[in-house]
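Residue strings, one per chain:
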Amino acid sequence: MDFEIKQREGLIVFLYHLKNSRQLRKYGTIHYVSKKMKYVVLYVDQTDEKEVFSKLQSLKFVRKVQRSLRKDLKTDFGDEVGVLYKLTDEDREKYRTGRK
């Protein structure tokens with residue numbers, strides 16, 4: 001039996017009332033619930049994402065559903081010093097010698 005990693009998709013579900021947030025468990029995994037802003041971060045399988053998205057929009061207690069933009073964010077920052085900001089001569093010297 002091989003272990004397969006399933007691709008997941010994040011959905012942000014805005015609710016009218018938080019008491020309905022527990023009902024979202026049957027659609028996916030609840031990752032986070034914001035009490036102040038009344039939204040739930042829900043992870044679903046990528047293959048079922050469109051189907052779950054349309055089902056969530058049709059629920060009466062759901063105000064709005066959005067796809068998470070996390071996959072679109074750049075997460076590889078690299079190890080190169082000086083790419084994000086310009087180094088001064090003094091900073092370059094410290095970086096070369098390993099001083100702090």
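Definitions and limits used
Residues numbered from 1 in each chain as written. Predicted model: local features only at pLDDT ≥ 70, side-chain atom pairs only at ≥ 80, totals over all residues. Heavy atoms only, no water. Helix = DSSP H or I, 4+ residues; strand = E, 2+ residues; numbered from the N terminus. Buried < 20%, exposed > 50% of the residue type's maximum accessible area, 1.4 Å probe, protein only. Core = buried A, V, L, I, M, F, W, Y, C linked by side-chain atoms within 4.5 Å. Contact = heavy atoms within 4.5 Å. Pairing = 2+ DSSP bridges. Axes fitted to C-alpha atoms, helices over the stretch in contact; angles between N-to-C directions.

(A) Structural detail: unusual backbone geometry. One non-glycine residue, lysine 38, lies in positive phi territory at about 55°. On the secondary structure map, lysine 38 appears in the loop between strand S2 (29–34) and strand S3 (39–45). The exposure class assigned to lysine 38 is partly exposed, which follows from its relative accessible area of 34%.

(B) Spotlight on the nonpolar core. Grouped together as the largest cluster of nonpolar side chains are 15 residues, with contacts concentrated most on Val13, Leu24 and Leu56. When near neighbours in sequence (up to four residues on either side) are disregarded, valine 13 contacts Leu24, Lys38, Tyr39, Val40, Leu42, Leu56, Val62, Lys64 and Val65.

(C) Geometry of the sheet that holds S2. Reading across the sheet, the 4 strands line up as S2-S3-S1-S4 and stay open at both edges, with antiparallel pairing between neighbours. Two strands in the sheet have a free side with no partner beyond their single neighbour: S2 and strand S4 (62–67). The mean angle between the axes of side-by-side strands here comes to 25°, regardless of whether they run parallel or antiparallel. Here strand S1 (residues 8–15) pairs with S3 via 7 bridges, running antiparallel. Looking across to S3, one finds that isoleucine 12 is bridged to valine 41. The sheet strands contacting helix H1 (residues 49–58) are S1, S3 and S4, and the helix crosses S4 at an angle near 160°.

From the geometry alone we can't say anything about function, so treat these as descriptive.
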